[in-house]
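Next come the chains, spelled out residue by residue.
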Amino acid sequence: MSVDGETRFTGIVHDLTERVQMEQRLREQAALAKLGEMAAVVAHEVRNALAAVRGAVQVIGARVPPDSREALVVPDVVGRIDALSGIVKDMLLFAHLPQPRLNPVDLAQLIGSTADYPDKDPNLQNVRVEVIGAVPSTLGDAELLRIVFSNLFTNSAQAMRGTGTIQVLLEPVGASCQIVVADRGPGIPPEVRERLFTPFFTTKARGSGLGLATAKRIVEGHEGSLRVECPAGGGTMVIIQLPLRGSME
Ligand SMILES: Nc1ncnc2c1ncn2[C@@H]1O[C@H](COP(=O)(O)OP(=O)(O)O)[C@@H](O)[C@H]1O
Ligand SMILES: [Mg+2]
């Protein structure tokens, strides 16, 4: 433009960093969603096939002499199929984690009943879950929270090699209820601790590496938080905070 005979310029600079980052995030989310859909289809097919193979192996197992080498292989094959099926199930859930449907939940009761199903998880057969303290009833999705505790109990039971006590401390903290799941296992070395929530990261031969990632996502879906600490005295503590919400809100 010309001002008093002098030529001037106006430059407008837009910083697009944020927009470019957002586009990148959207592209990643879309890719993840597509991957999730694919995983669901694949997982479904794989599970059906695994169930069929499991049934067939058991039929064959029943027809060979009970003390033969062939018969001894059967439980091993079935065990491996079950582990694989468990991994696929974890994947399906992780790919399609539903939004929590909030209803009043009694956490102490939910935790107790989750611990009392050792037939669902053989790791828990010789493990005692001790619930200490109390919190008021809050709003949460009982089905999803059950998955959180079940995943944590399985990890603790495996860390304690199948025997010992898991302590669950319940306590209101400010506007949250705090749930600490503590075990007396060997704790977690720093290089593992960094990657705990990375999907598919596992130190186990037959682990899915999705237990903690799923638990964290469910808790965050409840607007809560989940972190892991290894106290100096040994063992592992998983600390969950869930917002205390009255059913009248
Ligand atoms: N209570 C615990 N004690 C020791 N290590 C743990 C504990 N919980 C989790 N971990 C470590 O974190 C890893 C990831 O756990 P997770 O996401 O549940 O997957 P997975 O159990 O299938 O390996 C485990 O492989 C294990 O090394
Ligand atoms: Mg696990």
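Keep in mind it's a predicted model, so treat the numbers as computed, not measured.

Parameters at a glance
Along every chain, residues carry numbers that run from 1 in the direction the sequence is written. Both sets of labels track the order of writing: A upward for chains, 1 upward for ligands. Residues qualify for local features only when their pLDDT is at least 70, as the model is predicted, and side-chain atom pairs are given and counted only at 80 or more; totals for whole chains, interfaces and linings, by contrast, use all residues. Hydrogen atoms and water are omitted, and side-chain values are computed over all heavy atoms in the structure. Salt bridges are counted wherever a side-chain nitrogen of Lys or Arg sits within 4 Å of a carboxyl oxygen of Asp or Glu. For helices the rule is a DSSP run of H or I covering at least 4 residues; for strands it is a run of E covering at least 2, with both sets numbered from the N terminus onward. Two strands are counted as paired when DSSP detects at least two bridges linking them. Interaxial angles span 0 to 180 degrees and are taken between N-to-C directions of axes, which are lines fitted to C-alpha atoms, for helices over the stretch in contact. Here a cavity means grid points, on a 1 Å grid over the protein atoms only, where a 1.4 Å probe fits yet cannot get out; a pocket means an open set of points with protein on both sides within 12 Å along at least five of seven lines; lining residues are those with an atom within 4 Å of a point. Grid points are joined across faces, edges and corners, and a volume is the space filled by probe spheres set on the points. Residue classes follow a fixed rule: Ala, Val, Leu, Ile, Met, Phe, Trp, Tyr, Cys and Pro count as nonpolar, while Asp, Glu, Lys and Arg count as charged, and any other residue, Gly among them, counts as polar. As used throughout, domain bounds are those supplied by an automatic or database domain assignment. Partly exposed residues are those whose accessible area sits between 20% and 50% of the maximum for their type, while under 20% is buried and over 50% is exposed, using a 1.4 Å probe and protein chains only. Residues are classed as near a molecule or strand on a simple rule: at least one heavy atom within 4 Å of it. Counted as a polar contact is a pair of N or O atoms within 3.5 Å, where, for protein atoms, one must be capable of donating a hydrogen and the other of accepting one, and residues adjacent in sequence contribute only when both atoms are in side chains. Areas reported as accessible are Shrake-Rupley estimates using a 1.4 Å probe. Residue values count occlusion only from the protein chains shown. The directions considered for the arc run from the helix axis to the C-beta atoms. Roughly parallel means an angle under 35 degrees; roughly antiparallel, over 145; roughly perpendicular, 65 to 115; everything else is oblique. For any pair of crossing helices, the crossing counts as left-handed if the nearer helix is rotated counterclockwise from the farther one by less than a right angle, and right-handed if it is rotated clockwise. The criterion used for residue contact is that any of the two residues' heavy atoms lie within 4.5 Å.

So, on to the pattern of salt bridges. Between side chains of opposite charge, a pair can form when the charged atoms approach closely. Going through the model one piece at a time under the given rule, you end up with 9 salt bridges. Residue glutamate 23 pairs with arginine 19 through a salt bridge whose shortest N-O separation is 3.8 Å. Remark: arginine 19 and glutamate 23 occur in helix H1 (residues 17-63); sequence separation between them is 4 residues, near one turn of the helix. A salt bridge links glutamate 223 to arginine 245; the nearest nitrogen and oxygen atoms lie 3.5 Å apart. With a gap of 22 residues between them, glutamate 223 in the loop between helix H6 (211-221) and strand S8 (225-229) and arginine 245 in the segment after strand S9 (236-243) connect regions that are remote in the sequence.

Read across the open sheet, the 5 strands follow the order S4-S6-S7-S9-S8; overall the sheet is mixed. Each edge of the open sheet is held by one strand with a lone partner, namely strand S4 (126-133) and S8. Averaged over neighbouring strand pairs, the angle between their axes works out to 15° when direction is ignored. Note: strand S7 (residues 176-183) against S9, 8 bridges, orientation antiparallel. Bridge pairing links valine 180 to isoleucine 239 in S9.

Next up on the list: the layout of surface pockets. The calculated volume of the second largest pocket comes to roughly 360 Å³. Lining the second largest pocket are 14 residues, and of these Leu32, Leu35, Gly36, Phe94 and Ala95 sit closest to its centre. Counting only elements with at least two residues in the lining of the second largest pocket, the list comes to H1 and helix H2 (69-95). Tallied by class, residues from the lining of the second largest pocket come to 10 nonpolar, 2 polar and 2 charged. Three or more residues apiece are contributed to the lining of the second largest pocket by two domains, here domain 1 (17-95) and domain 2 (103-248).

The topology assignment puts isoleucine 60 in helix H1. Given a relative accessible area of 55%, isoleucine 60 falls into the exposed group. Put simply, isoleucine 60 and glutamate 70 are 10 residues apart on the chain and 9.2 Å apart in space, counted from C-alpha to C-alpha.

Bringing the site of ligand 1 into the picture now. Close contacts around ligand 1 come from 19 residues, with Asn155, Asp183, Thr202, Thr203 and Lys204 the closest. Interatomic distance of 2.8 Å between a side-chain N/O atom of asparagine 155 and an oxygen atom of ligand 1. Protein coverage of the free-state accessible area of ligand 1, which is 530 Å², stands at 91%. Those elements giving two or more residues to the shell around ligand 1 turn out to be helix H4 (142-159) and H6. Here the shell around ligand 1 gets 3 residues from one element, more than from any other, and that element is H4.

Our focus in this paragraph is helix H3 (residues 107-115). Restricting attention to buried positions, one finds in H3 the residues Leu107, Leu110, Ile111, Thr114 and Ala115. Looking straight down H3, one finds its buried side chains confined to an arc of 130°; they lie on one side. Among the residues of H3, the N-terminal cap falls to aspartate 106, whose side-chain oxygen and the backbone nitrogen of alanine 108 are separated by 3.2 Å.

Viewed as axis vectors pointing N to C, H1 and H2 meet at an angle of 165°, and their least axial separation amounts to 9 Å. By the criterion of interaxial angle, the relationship of H1 to H2 is roughly antiparallel. Here the hand of the crossing between H1 and H2 comes out left-handed. Residues Gly36, Ala39, Ala40, Ala43, Val46, Arg47, Leu50, Val53, Arg54, Val57, Gln58 and Gly61 of H1 lie in contact with H2, whose contacting residues are Val74, Val77, Val78, Ile81, Asp82, Leu84, Ser85, Val88, Lys89, Met91, Leu92 and Ala95. Looking at the contact of H1 with H2, its residues break down into 16 nonpolar, 4 polar and 4 charged.

Everything listed here is a matter of coordinates, which is why it stays silent on function.
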